Amino acid sequence: MLIRKFEKSDIPDMISIWNEIVLEGNAFPQEETLDEVTGYAFFSSQTYTAVAEDEGNIVGLYILHPNNIGRCGHICNASYAVSSVRRGKHIGEQLVLDCMKKGKAFGYRVLQFNAVVAGNVYARHLYERIGFHQLGTIPNGFRLKNGEYTDICPYYIEL
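Residues numbered from 1 in each chain as written. Predicted model: local features only at pLDDT ≥ 70, side-chain atom pairs only at ≥ 80, totals over all residues. Heavy atoms only, no water.

Undergrad: Outline the packing of aromatic side chains, supporting the account with residue identities and numerical values.
TA: Evaluated as defined, the whole model comprises 13 aromatic pairs. Taken together, a centroid distance of 5.2 Å and an interplanar angle of 55 degrees make the contact between Trp 18 and Phe 42 tilted. With Trp 18 in helix H1 (residues 11-24) and Phe 42 in helix H2 (residues 36-44), this residue pair connects regions lying 24 residues apart in the sequence. Looking at Trp 18, the relative accessible area reads 1%, which means it is buried. Three or more aromatic residues joined by ring pairs form one cluster here, namely Tyr 48, Tyr 62, Tyr 80, Phe 106, Phe 113, Tyr 127, Phe 132 and Tyr 155. (Phe/Tyr/Trp six-rings, centres within 6.5 Å; stacked < 30°, edge-to-face > 60°. Helix = DSSP H or I, 4+ residues; strand = E, 2+ residues; numbered from the N terminus. Buried < 20%, exposed > 50% of the residue type's maximum accessible area, 1.4 Å probe, protein only.)

Undergrad: Would you mind going over the nonpolar core in detail, with residue names and values included?
TA: One finds Tyr 62, Leu 64, Tyr 80, Leu 111, Phe 113, Tyr 127 and Phe 132 to be the most contacted residues of the largest nonpolar core, which totals 27 residues. Broken down by element, the residue count for this core peaks at five residues, all from helix H3 (residues 91-105). When neighbours within four sequence positions are excluded, Tyr 127 is seen to be in contact with Tyr 80, Val 96, Phe 113, Val 116, Phe 132 and Tyr 155. Met 14, Leu 34, Ile 58 and Ala 81 belong to the second-largest nonpolar core, a separate cluster that totals 16 residues. (Core = buried A, V, L, I, M, F, W, Y, C linked by side-chain atoms within 4.5 Å. Contact = heavy atoms within 4.5 Å.)

Encoded structure:
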């Protein structure tokens with residue numbers, strides 16, 4: 001598998017993977033799906049956007065961007081998306097590790113996740129295995145697709 005900077009020709013596959021997670025309604029805070037215009041604008045506006053390509057197919061992606069500005073501008077944030085048909089094959093782990101390297105290369109000192117949904121056990125186990133630290137729990141910090149609220153768990157790691 002190759003993890004590389006996205007190209008405009010990747011946008012349809014990227015949008016499909018991203019929208020799948022948005023529509024699942026249990027991981028990303030976004031509620032609106034992307035189309036080719038909004039998707040290209042969104043992915044192009046990040047500090048860095050990468051795709052995971054396997055045998056010519058886009059199977060995952062990540063976005064990397066500042067978590068804040070000014071005196072906190074050295075902290076970055078990221079989101080990861082893996083196609084549902086390819087989950088469980090350690091693609092997410094490869095995306096996170098690549099993102100950490102890119103974040104450091106861009107001069108970020110900390111990678112922080114603001115809103116990891118408590119029930120996203122696969123992501124949480126991955127982050128903890130890699131060395132991320134949970135900052136606590138925010139009760140009812142995420143509204144699920146069905147309208148119920150669940151906890152979120154912020155995480156960070158020094159780069």
